[in-house]
Amino acid sequence: MQTETSVLVTGGAGFIGANFLLRMVPKHPDTRFVCLDRLTYAGNAMNLRAIEDAANFHFVQGDICDTALLGGLFEEHGFTSVVHFAAESHVDRSIEAPLAFARSNVEGTVALLEAARQAWPEDAAGAGDRYRFVHISTDEVFGSLGDSGQFDEATPYDPRSPYSASKAAADHFARAYFHTYGLPVVLTNGSNNYGPFQFPEKLVPLVISNALDGRAIPVYGTGENVRDWLYVKDHCAALEAVLRRAPPGETYLVGGDSEARNIDLVERLCDLVDAVEDRPEGYSRDLITFVEDRPGHDHRYAIDFSKLEAELDWQPEHDLTDGLRATVDWYLRHPDWLEAVRDDSYRDYYARQYSEA
Ligand SMILES: NC(=O)c1ccc[n+]([C@@H]2O[C@H](COP(=O)([O-])OP(=O)(O)OC[C@H]3O[C@@H](n4cnc5c(N)ncnc54)[C@H](O)[C@@H]3O)[C@@H](O)[C@H]2O)c1
């Protein structure tokens, strides 16, 4: 690790943030990691159980919009890096309640950028590798592709859901802080992640948990939408490389080199669950239920990550076959985790969402 000694990780009790902390805390014992998380429905302190007693880890429950809290934390811990995951992250929820996305994703990001600007020297971007603000974003800011082509770092923004619009606005603020104030910001736009600790409203864990319970498996439209699936541990390795070596002001796209139609992904997951549970062939596929498509549902995302490969020597280590197998295996070995996070609000939400199915 370079010279940073104290890293603020926001949203570290959520899916990708927890995987990142579980990788980084044991690997860098001389670096202090402070996790700031509001613990919304998507965040869970039990995701961090394996590191909660580590001497170089500290957890703070709080909101990234709380400017007084942020100022106090920067003063107390002297952060030299920020890795910013905290966000409302579910597109369906953004369609129901967009204001929460404007608040956490836009206002929260600006509050964090401002806290770093106040705490760090004016020439922080010129201070070698000492200071970094890694802003984690999504490929959804680029909108939708046709049947061919890929997004790259030059693709213009065209967000089409309240979620992607809020992430796009946050990205613009992050770049503005680099250009206007010289804050050493680096951006990443990652594709759809999957893996351990993902809240079961997202497609992969939803399919696994519903298949396990013998419940209907909802698929939007005809399931033709294509996503580039990125195993979360590969994403975290990319983020570590970006934190350590990316020059200020740069943007990197992160993809899994694993394009798949939703329906094909769902069928593969059904077959994996059935194989492990020793069920008859096709048992879980029969649970697939096509539901009315999401409004503004993007057709296809695909990622050209050659810049990250060429400049930071990163490429995904898991293909879809390995990654899905490891993921199904993890959820099957952690039924207590699934039970604990599937509380009443989640059940009500999905009862409403798919009531017509
Ligand atoms: N999941 C994906 O496929 C994917 C892909 C690319 C980029 N991203 C981005 O990566 C980041 C993490 O995504 P995720 O899937 O882990 O999300 P997640 O929903 O699983 O976790 C988000 C975390 O942020 C916390 N949080 C939300 N609002 C907060 C606030 N106001 N203050 C403090 N904490 C708050 C939540 O409690 C939760 O722990 C997000 O910025 C997301 O846009 C996600």
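That block above? That's the structure.
A short tour of the structure in this document, coming up. (Residues numbered from 1 in each chain as written. Predicted model: local features only at pLDDT ≥ 70, side-chain atom pairs only at ≥ 80, totals over all residues. Heavy atoms only, no water.)

**A closer look at the sheet that holds strand β1 (residues 6–10)**
Part 1 of the argument: Across the sheet, 7 strands lie side by side as β3-β2-β1-β4-β5-β6-β11; this open sheet has parallel pairing. Each of the sheet's edge strands pairs with one partner strand only, and the pair in question is β3 (57–61) and β11 (251–254). Averaged over all pairs of adjacent strands, the angle between their axes in this sheet comes to 20 degrees, without regard to strand direction.
Part 2 of the argument: With 6 bridges joining them, strand β5 (residues 132–138) and strand β6 (residues 185–190) adopt parallel strand pairing. By the bridge assignment, serine 137 is partnered in β6 with asparagine 189.
Part 3 of the argument: Relative to the sheet, helix α1 (residues 15–27) contacts β1, β2 (32–37), β3 and β4 (81–84), its axis offset from that of β2 by approximately 160 degrees.
Part 4 of the argument: In the packing of helix α4 (residues 98–119) onto the sheet, contacts are made with β1, β4, β5 and β6, and the angle to β5 comes to roughly 165 degrees. (Pairing = 2+ DSSP bridges. Helix = DSSP H or I, 4+ residues; strand = E, 2+ residues; numbered from the N terminus. Axes fitted to C-alpha atoms, helices over the stretch in contact; angles between N-to-C directions. Contact = heavy atoms within 4.5 Å.)

**Some points on the packing of aromatic side chains**
Part 1 of the argument: On inspection of all chains with the given rule, the structure shows 18 aromatic pairs.
Part 2 of the argument: Ring geometry for tyrosine 41 against phenylalanine 199: centres 5.1 Å apart, planes inclined by 85 degrees, an arrangement best described as edge-to-face. With tyrosine 41 in the loop between β2 and β3 and phenylalanine 199 in the loop between β7 (193–194) and α6 (203–213), this residue pair connects regions lying 158 residues apart in the sequence.
Part 3 of the argument: Residue class for phenylalanine 199 comes out buried when judged on its relative accessible area of 7%.
Part 4 of the argument: Relative to phenylalanine 151, the ring of phenylalanine 142 lies with its centre 5.1 Å away and its plane at 40 degrees, an arrangement referred to as tilted.
Part 5 of the argument: Residue phenylalanine 151 is classed as buried on the basis of its relative accessible area of 1%.
Part 6 of the argument: Taken together, the aromatic side chains of Phe74, Phe79, Trp120 and Tyr131 make up a single cluster linked through ring pairs. (Phe/Tyr/Trp six-rings, centres within 6.5 Å; stacked < 30°, edge-to-face > 60°. Buried < 20%, exposed > 50% of the residue type's maximum accessible area, 1.4 Å probe, protein only.)

**Some thoughts on the packing of helix α8 (residues 262–277) against helix α10 (residues 320–333)**
Part 1 of the argument: In contact at an axis separation of 10 Å, α8 and α10 are set at 50 degrees when each is read in the N-to-C sense. Compared by their axis directions, α8 and α10 come out oblique. Crossing handedness for the pair α8 and α10: right-handed. For the pair formed by α8 and α10, the contact residues are Leu265, Arg268, Leu269, Leu272, Val273, Val276 and Glu277 on the first element and Leu320, Thr321, Leu324, Arg325, Val328 and Leu332 on the second.
Part 2 of the argument: Here the residues of the contact of α8 with α10 are counted per class, giving 9 nonpolar, 1 polar and 3 charged. (Parallel < 35°, antiparallel > 145°, perpendicular 65-115°, else oblique. Left-handed = near helix turned anticlockwise from the far one by under 90°. Nonpolar A, V, L, I, M, F, W, Y, C, P; charged D, E, K, R; others polar.)

**A word on the site of the ligand**
Part 1 of the argument: Around the ligand, 28 residues are found, and the nearest of them are Ile16, Asp37, Ser89, Tyr163 and Lys167.
Part 2 of the argument: Note that a nitrogen atom of the ligand is positioned 3.0 Å from one of the backbone N or O atoms of arginine 38.
Part 3 of the argument: In this structure, a nitrogen atom belonging to the ligand sits 3.0 Å away from a main-chain N or O atom of isoleucine 64.
Part 4 of the argument: Contact with the protein chains hides 97% of the accessible area of the ligand, taken as 840 Å² for the molecule alone.
Part 5 of the argument: Secondary structure elements with two or more residues in the shell around the ligand: α1, β5 and α5 (162–181).
Part 6 of the argument: Top contributing element to the shell around the ligand by residue count: β5, with 3 residues.
Part 7 of the argument: Across the shell around the ligand, the residue classes tally to 11 nonpolar, 13 polar and 4 charged. (Near = heavy atom within 4 Å. Polar contact = N/O pair within 3.5 Å; in protein donor to acceptor, adjacent residues only side chain to side chain. Areas by Shrake-Rupley, 256 points an atom, 1.4 Å probe, with all protein chains shown as cover.)

**Details of unusual backbone geometry**
Backbone geometry follows two general trends: most residues other than glycine have a negative phi, and most peptide bonds adopt the trans configuration.
Part 1 of the argument: You will see that phenylalanine 197, though not glycine, has its phi angle at about 70 degrees, which is positive.
Part 2 of the argument: Looking at the secondary structure, you find phenylalanine 197 in the loop between β7 and α6.
Part 3 of the argument: Even without glycine at this site, aspartate 313 takes up a positive phi of about 55 degrees.
Part 4 of the argument: Structurally, the position occupied by aspartate 313 is in the loop between α9 (306–312) and α10.
Part 5 of the argument: We classify aspartate 313 as exposed; its relative accessible area is 69%.

**Side note on the packing of α4 against α5**
Part 1 of the argument: In contact at an axis separation of 8 Å, α4 and α5 are set at 15 degrees when each is read in the N-to-C sense. One element, α4, and the other, α5, form an angle in the roughly parallel class. In this structure, the crossing between α4 and α5 has a hand that is right-handed. Contacts from Pro98, Phe101, Ala102, Asn105, Val106, Thr109, Val110, Leu113, Glu114 and Arg117 in α4 reach Pro162, Tyr163, Ser166, Lys167, Ala169, Ala170, Phe173, Ala174, Tyr177 and Tyr181 in α5.
Part 2 of the argument: Class assignment of the residues belonging to the contact of α4 with α5 gives a composition of 14 nonpolar, 3 polar and 3 charged.

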